[in-house]
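# Working through the structure, step by step
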Amino acid sequence: MNVTARWVTRLIFLLLLVSIVAGIKVFGTKFMHREDGSTAGYAFDSFVMGSVMTVTIRDPDKALAEKGAALVLDEVHRITGIFDPHNPGSEISRLNNSPRDGVPLTIGADMSLVLSEALRIRDASGGLFDPALGELINLWGFNSESAKHELPDSARIKALGDSLRWGAGIRLGENGKTVILEPETGRLDLGAIIAGYAVDRSVALLRQNGIRNALINLTGEIGVLGVGSNGRSWRVGVQHPRKSASHLGVIEQVEGLFVATSGDYERYFVREGRRYHHILDPRTGYSAKEGAAISVTVIASSCIVADAASTAAFVLGPESGVKFLDSLGCQGLIVYAADGDTESGKLAYRATEGFLRIMKPDLEGLPIL
Ligand code: AMP
Ligand code: MG
């Protein structure tokens, strides 16, 4: 690297650092052009919830597109401010720092809605989706910026499991205005559902503000409004879980639908041939491995359901996971290891009947164009 190149790199790094420190979150705007050269719309990238969010607004009116992207970003920040368990000022931290004594605690409308959905999925999944695994999630450290990727001490995992009932003792009070946390409830962590909630809210906000055609992709949770290019439905590619540059296929008809994916390739490390990832099984305290699940994609009529259900179906595994998705009225695809070894590369899948009518997965992988 010559001296100029080195300085340019340093400058870019410094700018990035300054923008992160200053909390400037929008870091990229892309133009979309029509074949005739006119502007079709705009795509905005930002760094939120520990990941990249892309808001694509298909409208030639730049001011309207910018307004839409700013509204979405504000809304995602507002939601993060409520649900971030690492922010001591958030509502979730207030609940986490309250005694587990069965006394009703007042909650806001967002918390009420998200908790009621989380408890519904907890019950439908036989407790395998659990909104109060906070201590376990912190012990594994997958959600921490400085994740060390070390295997926690098995005695500490066991001690947590012995002393906590996780989310089994959570109830909403009358009118959903309070939550009751019985003794031995774990710390709330709604990381499996909150991106979906943020997508639902953002799509609704865009609609209310006169934006007709848009797509939001927040950490793999996707919501669409109207149509994409050439007036055809937006197309959503389903990530191949073992080939980062490939798709399993493309969902062509997503109008009015939401898509969420949970996979063991998002946050993980491999030790002695075994993969440890961020989706945890409350029965064992270790990464979920029922039926050697690898990834789950769910299509639902709201993103909060798609997001929670994809995490839940992952923990349930391919057999029970498909039945669970059917019972919720969602469509879904569960990819798993054909020979039980998630690292062998031999994939198989199970899907709801409706999913296969929408997309036939290609396990070999289709290149992303
Ligand atoms: P997702 O990527 O939507 O599947 O959500 C994974 C995140 O949900 C993790 O990073 C944890 O914060 C949380 N989580 C992990 N295991 C579970 C579980 N069994 N039930 C509910 N939330 C979980
Ligand atoms: Mg999820």
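Read on for a plain summary of the structure. Model, not experiment: these values are computed from the prediction.

Before going further, it helps to examine the pairing of strand S12 (residues 268–271). With 4 bridges joining them, S12 and strand S13 (residues 274–277) adopt antiparallel strand pairing. Bridging across to S13, Val270 finds its partner in Arg275. Hairpin geometry of S12 and S13 is characterised by an intervening segment of 2 residues between the two adjacent antiparallel strands and by a positive phi of about 45 degrees at Glu272.

Here we take up the sheet that holds strand S10 (residues 246–251). Across the sheet, 3 strands lie side by side as S9-S10-S17; this open sheet has antiparallel pairing. Every other strand in the sheet has two partners, leaving strand S9 (236–239) and strand S17 (366–367) as the edge strands with one partner each. In the sheet, S10 pairs with S17 via 2 bridges, with the strands oriented antiparallel. Bridging from a neighbouring strand, His247 pairs with Leu366 of S17.

All right, on to the site of ligand 1 then. Around ligand 1 sit 19 residues in total, of which Asp130, Asp189, Ser262, Leu280 and Thr311 are the nearest. In the model, a nitrogen atom of ligand 1 is placed 2.7 Å from a nitrogen or oxygen of the Leu280 main chain. Between ligand 1 and Asp307, the relevant distance is 3.0 Å, taken from an oxygen atom to a side-chain nitrogen or oxygen of the residue. Isolated, ligand 1 exposes 500 Å² of accessible area, and the fraction of that covered by the protein chains is 97%. Per-element accounting of the shell around ligand 1 gives the leading share, 3 residues, to helix H8 (residues 303–328). For the shell around ligand 1, the residue count by class is 9 nonpolar, 5 polar and 5 charged.

Take the pairing of S9 next. A one-sided burial pattern is seen for S9, the buried positions being Val236 and Val238 and the unburied ones Gly237 and Gln239. In terms of strand pairing, S9 meets S10 through 4 bridges, oriented antiparallel. Within the sheet, the bridge partner assigned to Gln239 lies in S10 and is His247.

So, on to the state of the cysteines. Counted under the stated rule, the structure contains 0 disulfides. There is no disulfide at Cys303, and the cysteine sulfur nearest it, in Cys330, is 11 Å away. By relative accessible area, which is 3% here, Cys330 ends up buried.

Quick look at the coordination of the magnesium ion (ligand 2) now. Within the protein, the magnesium ion (ligand 2) binds to Ala192 (O), Asp307 (O), Asp307 (OD) and Thr311 (OG1); these donor distances fall in the range 2.0 to 2.4 Å. If you list the donors of the magnesium ion (ligand 2) from N- to C-terminus, the spacing comes out as A-x114-D-x3-T. Remark: Thr311 and Asp307 occur in helix H8; sequence separation between them is 4 residues, near one turn of the helix. Accessibility assignment for this pair places Asp307 and Thr311 in one class, buried.

Here the phi dihedral of Met49 falls at roughly 45 degrees; this positive angle occurs in a residue that is not glycine. On the secondary structure map, Met49 appears in the loop between strand S2 (39–48) and strand S3 (51–57).

What follows is about the packing of aromatic side chains. Counted under the stated rule, the structure contains 7 aromatic pairs. Taking the centre distance of 5.5 Å and the plane angle of 75 degrees together, the rings of Trp140 and Tyr286 count as edge-to-face. Pair noted here: Trp140 is in helix H5 (residues 134–140) and Tyr286 is in the loop between S13 and strand S14 (293–300), with a separation of 146 residues, a long-range link. The class for Trp140 is buried, based on a relative accessible area of 4%. Among the aromatic residues, ring-to-ring pairing joins Trp140, Phe142, Phe269, Tyr276 and Tyr286 into one connected group. We note Arg275 situated over the ring of Tyr268; from NZ or CZ to the ring centre the distance is 4.2 Å.

Rules used throughout
- Residues numbered from 1 in each chain as written.
- Chains lettered and ligands numbered in written order.
- Predicted model: local features only at pLDDT ≥ 70, side-chain atom pairs only at ≥ 80, totals over all residues.
- Heavy atoms only, no water.
- Pairing = 2+ DSSP bridges.
- Helix = DSSP H or I, 4+ residues; strand = E, 2+ residues; numbered from the N terminus.
- Near = heavy atom within 4 Å.
- Polar contact = N/O pair within 3.5 Å; in protein donor to acceptor, adjacent residues only side chain to side chain.
- Areas by Shrake-Rupley, 256 points an atom, 1.4 Å probe, with all protein chains shown as cover.
- Nonpolar A, V, L, I, M, F, W, Y, C, P; charged D, E, K, R; others polar.
- Buried < 20%, exposed > 50% of the residue type's maximum accessible area, 1.4 Å probe, protein only.
- Disulfide = S-S within 2.5 Å.
- Donors = N, O, S within 2.8 Å, 3.2 Å for Na, K, Ca; no water.
- Phe/Tyr/Trp six-rings, centres within 6.5 Å; stacked < 30°, edge-to-face > 60°.
- Lys NZ or Arg CZ within 6 Å of the ring centre and 35° of its normal.

Read these as spatial facts, not as claims about activity.
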